[in-house]
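If you want the building blocks of each chain, they are given just below.
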Amino acid sequence: MLHGSLSVLRRPHLFIKQATPFSRLPSFFLPRAALCRTPQSAIVGDLARTDREKYRKMVVLVVATTEDPASIGPASAFLAMSSEWRPGPSLQEDIKSHVHGHVRLLIQDASIVSEDHLDKRWQALTGEVVEEVMFLSKHTAVSNKPALTVHPIGVPHLREDETPLQGGRPGWAAPPNPRVGPWLRLLKKIANSHNLIPEFEVTLEGTHHGPEIDIPTLFVEIGSTEEYWRRQDAAQVVALLLWQGLGLDSGGGDGIGKWNGNSEKNKVLLGLGGGHYAPRHLDVVVKDGVWVGHLLSGYSLPMEDPKSNNGGQNGIGGTWKQAIRVAYEATKSAFPGGVILAHLDHKSFKSWQKNAIISFLNEQNIGIGKPDDFI
């Protein structure tokens, strides 16, 4: 499966400028001789190894596919932003990589929603620990309106016997990338500066689809038809989002939206209810400093009318409790030290639904927040 990467691994120095110090390169880029150490150079070797380990401690994956113009377009624009990109190892024959600082851009030929656990596979190949993942994709909508969207992933509402239509695993949700909220606001700013607004709507989407992964993840999408998927100005906006958001414009660093848990603003919005584009939650998240986790639209909270089964709150069927519990735990894992508060789109629920959800949240000791609690 990895045979396509052997030539890179055997002679990786062919891709490296001679002036680049070996101590600044992760070990999979080093010629074998550079890894040897004599007793006389033990101290220097230890320092070099420490530097390499520090360099490769945490990396970010950005994933694109050639089969999707709204994916490969931004990826190509991202590569064109610097001459410092260099070829990296191939994860498999059809998944090539490019390296720039702490960022690893993976470009593949297959659908990205079916590529599970890319983080673990990358670490197995390179030894690098992946901290977070961003996927680039097209967005489709019945309205066909142009849009730029950001969203977390998962299908926490599906039963075990159901088959996800677009990847993932039933009853699962990836930790939502803390950058979702900050990047939504940055995306809006960049799109506006490139005159894409009001033609393009910049919005959130509810949590949906795969691939299965267990580290903080987000999708950035361009919608909603072939015409807009191929728009070069939209691709450039997404590339700038990545460039600035990941700190490459400042020579490294955490970029924008990195969670540290030490800020006074430690409330995290867990959206419950509403339509796919989470309008009531969006109204809050567009405000500066707001953090957002999973967003469960109404369709991700299946609830059976108690009148149909003669039950009370305990008799309300459906996987809504499962979905809330999974989304809460995943959000909590992505925001260590944060205070996760459910934010309800009250008008989207019938009274019996809202009462049941509030009662369940209280049982689970999940707080409920109002818009001002997050600002």
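The rules we used
- Residues numbered from 1 in each chain as written.
- Predicted model: local features only at pLDDT ≥ 70, side-chain atom pairs only at ≥ 80, totals over all residues.
- Heavy atoms only, no water.
- Helix = DSSP H or I, 4+ residues; strand = E, 2+ residues; numbered from the N terminus.
- Buried < 20%, exposed > 50% of the residue type's maximum accessible area, 1.4 Å probe, protein only.
- Pairing = 2+ DSSP bridges.
- Phe/Tyr/Trp six-rings, centres within 6.5 Å; stacked < 30°, edge-to-face > 60°.
- Polar contact = N/O pair within 3.5 Å; in protein donor to acceptor, adjacent residues only side chain to side chain.
- Salt bridge = Lys/Arg side-chain N within 4 Å of Asp/Glu carboxyl O.

## A look at the environment of Gly 274
Tracing the backbone through its elements, the reader meets Gly 274 in the loop between strand 11 (267-272) and helix 9 (279-285). When its relative accessible area of 15% is taken as the criterion, Gly 274 is described as buried. Expressed as a C-alpha distance, the spacing of Gly 274 and Leu 296, which sit 22 residues apart in the sequence, is 8.0 Å.

## Digging into the sheet that holds strand 9 (residues 201-204)
Read across the sheet, 8 strands follow the order 2-3-4-1-5-10-6-9 without closing on themselves; strand pairing throughout is mixed. Pairing within the sheet leaves two strands with one partner each, and these edge strands are strand 2 (86-87) and strand 9. Of the pairings in the sheet, the one linking strand 6 (residues 147-151) to strand 10 (residues 217-224) comprises 5 bridges and is antiparallel in character. Across the sheet, the residue bridging to Val 150 is Val 220, located in strand 10.

## Describing unusual backbone geometry
In this structure, Pro 211 follows Gly 210 across a cis peptide bond, with omega equal to 15°. One can find Pro 211 in the loop between strand 9 and strand 10. Backbone torsion omega between Gly 223 and Ser 224 reads 10°, so that peptide bond is classified as cis. Mapped onto the fold, Ser 224 is located in strand 10. Backbone geometry at Asn 195 places phi at a positive 60°, although glycine is not the residue there. With respect to the helices and strands, Asn 195 occurs in the loop between helix 6 (180-193) and strand 9. On the basis of relative accessibility, which here comes to 64%, the residue Asn 195 falls in the exposed class. Unlike most non-glycine residues, Asn 365 shows phi in positive territory, near 60°. Among the secondary structure elements, Asn 365 is positioned in the loop between helix 11 (351-363) and strand 14 (367-368).

## Notes on the packing of aromatic side chains
Two measures describe an aromatic ring pair: the distance that separates the ring centres and the angle between the ring planes. Tallying each qualifying case throughout the model produces 8 aromatic pairs. For the ring pair Phe 78 and Trp 243, a centre distance of 6.1 Å and an interplane angle of 80° mean the geometry is edge-to-face. Placement of the pair is Phe 78 in helix 4 (residues 69-79) and Trp 243 in helix 8 (residues 232-245), with a sequence separation of 165 residues. Of the two residues examined, Phe 78 and Trp 243, each falls in the buried class. Here the aromatic rings of Trp 291 and Phe 335 are separated by 6.1 Å at their centres, their planes lie at 70°, and the arrangement is edge-to-face. Taken together, the residues Trp 291 in strand 12 (residues 291-296) and Phe 335 in the loop between helix 10 (320-334) and strand 13 (339-344) connect sequence positions 44 residues apart.

## Structural notes on the side chain of Glu 128
Mapped onto the elements, Glu 128 comes out in the loop between helix 5 (118-126) and strand 5 (130-140). Judged by its relative accessible area of 0%, Glu 128 is buried. Among the polar contacts made by the side chain of Glu 128, one reaches the side chain of Trp 122 at a distance of 3.0 Å.

## With respect to the pattern of salt bridges
What the rule picks out here adds up to 12 salt bridges. The shortest N-O distance in the salt bridge between Arg 121 and Glu 115 comes to 2.8 Å. What makes Arg 121 partly exposed here is its relative accessible area of 22%. Residue classification places Glu 115 among the buried residues on the basis of a relative accessible area of 10%. Among the ionic pairs, Glu 131 bridges to Lys 258, the shortest N-O distance being 2.5 Å. In this pair, Glu 131 is assigned in strand 5 and Lys 258 in the loop between helix 8 and strand 11, connecting sequence segments 127 residues apart.

## Regarding the sheet that holds strand 13
Reading across from one edge, 12-11-13-14 is the order of the 4 strands in this open sheet, with parallel pairing throughout. Unpaired on one side and paired on the other, strand 12 and strand 14 mark the two borders of the sheet. Looking at chain direction, strand 11 and strand 13 are connected through 6 bridges and run parallel. When the bridges of strand 13 are listed, Leu 270 appears paired with Ala 342.

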